[in-house]
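# Commentary on secondary and tertiary structure
Below are the chains, spelled out letter by letter.
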Amino acid sequence: MRLGDLVLKVRSKNAGPFWVTIDIFCDRPEIFRQVRDNLHTRAVAELYRVPEQLLKRFDIEDLRVVKFSIPRPVVQGSAADRDMHGAQYAALLEEYELD
């Protein structure tokens, strides 16, 4: 099943000029647990082509949110930046097929 079809919302945004944060919002505790247990950090690192040791993961059960922070490939606002606000990163994870 596509992650975007399972969860309430996948959102990405800037986390400063060097990082992007991707938030996965779940509307029910059982969905949160399913995402937490089946969305592997290594798979997310491979999806965004970042070394696993640079990816930060936060499982926030009280809010039913799984959050990832990844380094931006280029500094925000630089001439090579193609996503100034970091908003397009969510689309990759929405399409991810969850086991």
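Conventions and cut-offs
Within any chain, residue numbers begin from 1 and follow the written order of that chain's sequence. Whole-chain, interface and lining totals are the exception, using all residues; otherwise, since this is a predicted model, local features are given only for residues with pLDDT of at least 70 and side-chain atom pairs are given and counted only at 80 or more. Neither water nor hydrogens contribute to the side-chain values; these are computed over all heavy atoms in the structure. We place a 1 Å grid over just the protein atoms. Points where a 1.4 Å probe fits but has no way out form a cavity, open points with protein on both sides within 12 Å along at least 5 of 7 lines form a pocket, and any residue with an atom within 4 Å of a point lines it. Grid points are joined across faces, edges and corners, and a volume is the space filled by probe spheres set on the points. Numbered from the N terminus, helices here are DSSP runs of H or I no shorter than four residues, and strands are runs of E no shorter than two. Each residue gets one label: Ala, Val, Leu, Ile, Met, Phe, Trp, Tyr, Cys and Pro are nonpolar, Asp, Glu, Lys and Arg are charged, and the others, such as Gly, are polar. In the sections that follow, a salt bridge refers to a side-chain nitrogen of Lys or Arg positioned within 4 Å of a carboxyl oxygen of Asp or Glu. Categorising residues by exposure relies on relative accessible area from a 1.4 Å probe, with only protein chains included: less than 20% of the type maximum marks a residue as buried, more than 50% marks it as exposed, and the intermediate range marks it as partly exposed.

## Things to note about the layout of surface pockets
Within this model, the largest pocket holds a volume of roughly 280 Å³. Pro-73, Asp-81, Arg-82, Asp-83 and Tyr-89 are, among the 15 residues lining the largest pocket, the residues nearest its centre. Taken together, the elements giving at least two residues each to the lining of the largest pocket come down to strand 4 (65-71) and helix 4 (89-94). Residues belonging to the lining of the largest pocket are distributed by class as follows: 9 nonpolar, 1 polar and 5 charged.

## What to know about the pattern of salt bridges
Tallied over the full model, the rule gives 11 salt bridges. A salt bridge links Glu-95 to Arg-2; the nearest nitrogen and oxygen atoms lie 3.1 Å apart. With Glu-95 in the segment after helix 4 and Arg-2 in the segment before helix 1 (3-6), this residue pair connects regions lying 93 residues apart in the sequence. Overall, the relative accessible area of 47% leaves Glu-95 in the partly exposed class. Members of the salt-bridge network, linked through shared partners, are Arg-11, Lys-13, Asp-23 and Lys-67.

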